[in-house]
Amino acid sequence: MTLSIKRMVLFILFVTVLFGLGFYFTEKQADRKKEEFTFLDSGWDITVNGQIYEDQDLYEFNAGIMGKGDELTLGCIIPDFSYTQPVLRLYAGYSAVEIMLDGKVVYSYGVDRYHENKLIGYGYHYYPFSPRMKGNRLTIKLYVGEDNAFSRIETPMIGQASDVYNDLLYSHRIAFGLIIFIIIFGILMLSVIQFFVKQRIRLIKLIAISVGCLLIGLLALCNLDLISYFTDDLLVKVYVEYISLYMTPVLFLLYIFDKCTLSGNKKRTFFYNLLMAMLLSFAVSSIVLQLTNSMHLPALIRSCHLLFGLVMVFLFYVLFDDIIKKNSINYYIIIGITILMIFGIHDVAEYYLYRFSHEHSPFRYHNTIHIGVFVFIICMMLDFTDGILKALYENAKVDIYEKMAYIDQLSNLANRRRYELLLDELDRSDKEYAIIGFDLNYLKEVNDSLGHDEGDKYIKEFSGVLTRVFGRYGTPCRIGGDEFDVVIPDIKDVDFKALFNILEDEIIRLNNIYDEWNMSVAYGMCYSYEEGVNNARNAMSIADARMYEKKHEMKEDNALNNA
């Protein structure tokens, strides 16, 4: 089994265990809620657009498909309870709300917006009770502000204030932890974008992942009503949720930007650009329509479903086209798209069941697409990480090949090929430079008397001296045999006299360690500003000539000393 397949298997197991734990704790929470709260599920008198239904159980009652302009009135007697600080929790979907006690309005939300035909938020409403309200007549009026808003009414409940306010967080504590992690991760990913600015493809992929994390985190916070811990404005929830949902498909396409626009496939590029234009136009137009109150964001959800479907079809087309043409295949993306499609189909089916089927619709539509998108984001991160690892591996191979091409294997200095490139760089530079030529004396004598292994050591030790003395200011090179050059690309602030003194001291130190060597070196130097220097190779020739002149003088001095 290959490493990538093992990773995918582990990932699938991780997601399975995660969902299993989530369902387990959800069931445990359902039992806890029954014990700690008083649910007002029976004894309701309900009026739907003038039609009266007496003594109804909310769990069984179905109001039919409620649309824009419909009105519901629910009334019951507040049962006995023992809470010291009771709070009523009521869920309303896209409806203005009035709560009355014995005919007196004590709470109102969105009534003015309803009459002005403006968007009304949806979510939980909280009204603090008093223990003295037991036995009073509770009346709830709902003014529906959107078409196909709901068909079932979630049972209101009464509980201790601290328990009621914390119930959502406790119920979704695992999801809340994951959501906060996703949002923080997205912010952290955005903070490292600066390191990929020059890498266009990775930058685009990183933006898709990081912004995707932020959007899906916000979407999940709104869908699970957890955003109420950050703001109690239900309109903010609607705006954040729908804008996040409408922008998410753009990120899916953005992540496969390279596969669609850089593949050379004109057909794929055309459909990619067309679909991207449709998604961006839809996202922008939905905001404009909402701001001008021409059409509310929830009314565009079916168009979003259609675009989601087109995106899924296109993603599968790209993947299967790569399989057929034997291009590189992103298995992580295949898994992500499959899981995303499953959750997407579930959401669309439940949405239309909730909005249009009053016989079997659930009490409240719970969007699960955020789970599928969360998995898809993870798949994108795995694919992105895998791509970076592969790139690092390729870069490492390039570094090895470059080292083999430009580094002398014996001395570990730059070789002749690299030296030639350095000379070309000097000609393109506007800085004053210097070239120093070296000829290592007595290499032949060391090879003949002590062996070639000792001669190799002789070269290595001298190469180390050049690196220690000149490496900070330039590039030491081994031209061949016993010939070395040092290229100093900028002579500003370089004290050559001090460097040559250090060089002499280093050679004396080596001779004290290896007394059989008697190492010495001849050198010559040329500055770029000298008269007669036209280019770097001209300076190299002058430096070599001075080096050979120095070598000749050293030979004469040596012969004289021997005599």
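Residues numbered from 1 in each chain as written. Predicted model: local features only at pLDDT ≥ 70, side-chain atom pairs only at ≥ 80, totals over all residues. Heavy atoms only, no water.

Caption draft 1: Molecular detail of the overall build of the protein chain. Along the backbone of the protein chain there are 16 helices and 14 strands. Expressed as a percentage of its 563 residues, the buried residues of the protein chain come to 48%. In the protein chain, the proportion of contacts linking residues at least 24 apart, taken out of those at least 6 apart, comes to 74%. (Helix = DSSP H or I, 4+ residues; strand = E, 2+ residues; numbered from the N terminus. Buried < 20%, exposed > 50% of the residue type's maximum accessible area, 1.4 Å probe, protein only. Contact = heavy atoms within 4.5 Å.)

Caption draft 2: Spatial organisation of the pattern of salt bridges. Taken as a whole and judged by the stated rule, the model has 16 salt bridges. Between Lys551 and Asp439 there is a salt bridge, and its shortest N-O distance comes to 2.5 Å. Of the two residues, Lys551 sits in helix α16 (residues 536–562) while Asp439 sits in strand β11 (residues 434–440), which places them 112 residues apart along the sequence. The same class applies to Lys551 as to Asp439, namely buried. The salt bridge partner of Lys444 is Asp448, with a shortest N-O separation of 2.8 Å. In this pair, Lys444 and Asp448 both sit in helix α13 (residues 443–450), four residues apart, roughly one turn of the helix. Of the two residues examined, Lys444 and Asp448, each falls in the exposed class. Overlapping salt bridges bring together Arg416, Glu420, Asp424 and Arg537 as one network. (Salt bridge = Lys/Arg side-chain N within 4 Å of Asp/Glu carboxyl O.)

Caption draft 3: Representation of unusual backbone geometry. Despite not being glycine, Asp55 shows a phi value in the positive range, around 50°. The residue Asp55 is located in strand β3 (residues 51–56) in this model. We note that Asn412 has phi near 65°; this positive angle belongs to a residue other than glycine.

Caption draft 4: How the structure looks around the environment of Lys118. Following the sequence through the fold, Lys118 ends up in the loop between α2 (111–115) and β8 (123–128). If we skip the residues at most four places from it in the chain, Lys118 touches Arg113, Asn293 and His296. Within the structure, the side chain of Lys118 is placed 3.2 Å from the side chain of Glu116, a separation counted as a polar contact. (Polar contact = N/O pair within 3.5 Å; in protein donor to acceptor, adjacent residues only side chain to side chain.)

Caption draft 5: Broad picture of the pairing of strand β7 (residues 104–109). In this sheet, β7 lies alongside strand β6 (residues 95–101) in antiparallel orientation, the contact comprising five bridges. Bridge pairing in β7 places Met100 opposite Val105. Hairpin geometry of β6 and β7 is characterised by an intervening segment of two residues between the two adjacent antiparallel strands and by a positive phi of about 50° at Asp102. (Pairing = 2+ DSSP bridges.)

Caption draft 6: Examining the sheet that holds strand β5 (residues 86–92) more closely. Taken together, four strands build an open sheet; the order of strands is β1-β10-β5-β8 and the sheet is antiparallel. Strands with a single pairing partner mark the edges of an open sheet, and in this sheet they are β1 (38–39) and β8. Across the face of the sheet, helix α3 (residues 161–171) comes into contact with β5, β8 and β10 (157–160) while running at roughly 115° to β10. (Axes fitted to C-alpha atoms, helices over the stretch in contact; angles between N-to-C directions.)

Caption draft 7: Quick peek at helix α8 (residues 266–291). Over its 26 residues, α8 runs 37 Å from end to end, which matches the ideal 38 Å to within 8%, given 1.5 Å per residue. Listed in full, the buried residues belonging to α8 are Arg268, Thr269, Tyr272, Leu275, Met276, Leu279, Phe282, Ala283, Ser286 and Gln290. Contact partners of the buried residues in α8: α6 (234–255), α7 (257–261) and α9 (301–324). N-capping of α8 is provided by Asn265, with a side-chain oxygen placed 3.1 Å from the backbone N of Lys267. Downstream of α8 by one or two residues, Asn293 has phi in the positive range, about 60°. (Expected span 1.5 Å × (residues − 1).)

Caption draft 8: Quick peek at the side chain of His296. Its place among the elements puts His296 in the loop between α8 and α9. Its relative accessible area of 6% is what places His296 among the buried residues. A distance of 3.1 Å separates the side chain of His296 from the side chain of Asn293, its partner in a polar contact.

Caption draft 9: Looking closely at the packing of α13 against helix α14 (residues 452–470). Two numbers describe how α13 lies on α14: the axes approach to 7 Å, and their chain directions differ by 145°. Taking contact as the criterion, the partners of Leu443, Val446, Asn447 and Leu450 in α13 are, on α14, His452, Glu454, Gly455, Tyr458 and Ile459. When the residues that make up the contact of α13 with α14 are grouped by side-chain class, the tally is five nonpolar, three polar and one charged. (Nonpolar A, V, L, I, M, F, W, Y, C, P; charged D, E, K, R; others polar.)

Caption draft 10: Highlighting the sheet that holds β3. A sheet is described by the order of its strands in space; here six strands give the open sequence β3-β2-β4-β9-β6-β7, paired in antiparallel fashion. The open sheet has two edge strands, β3 and β7, and neither has a second partner. For this sheet the average axis-to-axis angle between neighbouring strands, irrespective of direction, equals 15°.

Caption draft 11: Molecular detail of helix α15 (residues 496–513). The end-to-end C-alpha distance of α15 is 26 Å, a good match for the 26 Å that 18 residues give at a rise of 1.5 Å each. Along α15, the residues classified as buried are Phe496, Leu499, Phe500, Leu503, Glu506, Ile507, Leu510 and Asn511. Projection of α15 onto a plane perpendicular to its axis shows the buried side chains occupying an angular sector of 135°, all on one side. Opposite its buried face, α15 presents the exposed residues Lys497, Asp505 and Asn512, each directed more than 90 degrees away. As for α15, its buried residues are in contact with β11, α14, β13 (483–488) and β14 (521–527). (Arc of directions from axis to C-beta.)

Caption draft 12: Structural detail: the side chain of Ser286. Tracing the backbone through its elements, the reader meets Ser286 in helix α8. Within the structure, the side chain of Ser286 is placed 2.7 Å from the backbone oxygen of Ala283, a separation counted as a polar contact.

Caption draft 13: Looking closely at a nonpolar patch on the surface. Among the surface-exposed residues, Phe270, Phe271, Leu274, Met278, Leu306 and Leu310 lie close enough to one another that they form a single nonpolar patch of about 550 Å² accessible area. Going through the elements one at a time, α8 and α9 are the ones with two or more residues in the nonpolar patch. For the nonpolar patch, the leading source of residues is α8, giving four residues. Structurally, Met278 can be placed in helix α8. Met278 sits in the partly exposed class, given a relative accessible area of 34%. (Patch = residues over 30% accessible without salt bridge, like charges linked within 9 Å, V, L, I, M, F, W, Y side chains within 5 Å. Areas by Shrake-Rupley, 256 points an atom, 1.4 Å probe, with all protein chains shown as cover.)

Caption draft 14: Region of the structure containing the pairing of β3. Burial of β3 is sparse: only zero of the six residues sit out of reach of the surface. Where strand β2 (residues 44–48) lies against β3, four bridges are found, and the strand directions are antiparallel. By the bridge assignment, Ile46 is partnered in β3 with Tyr53. Once β2 ends, the chain turns through two residues before running back antiparallel as β3, passing Asn49 with a positive phi of about 50°.

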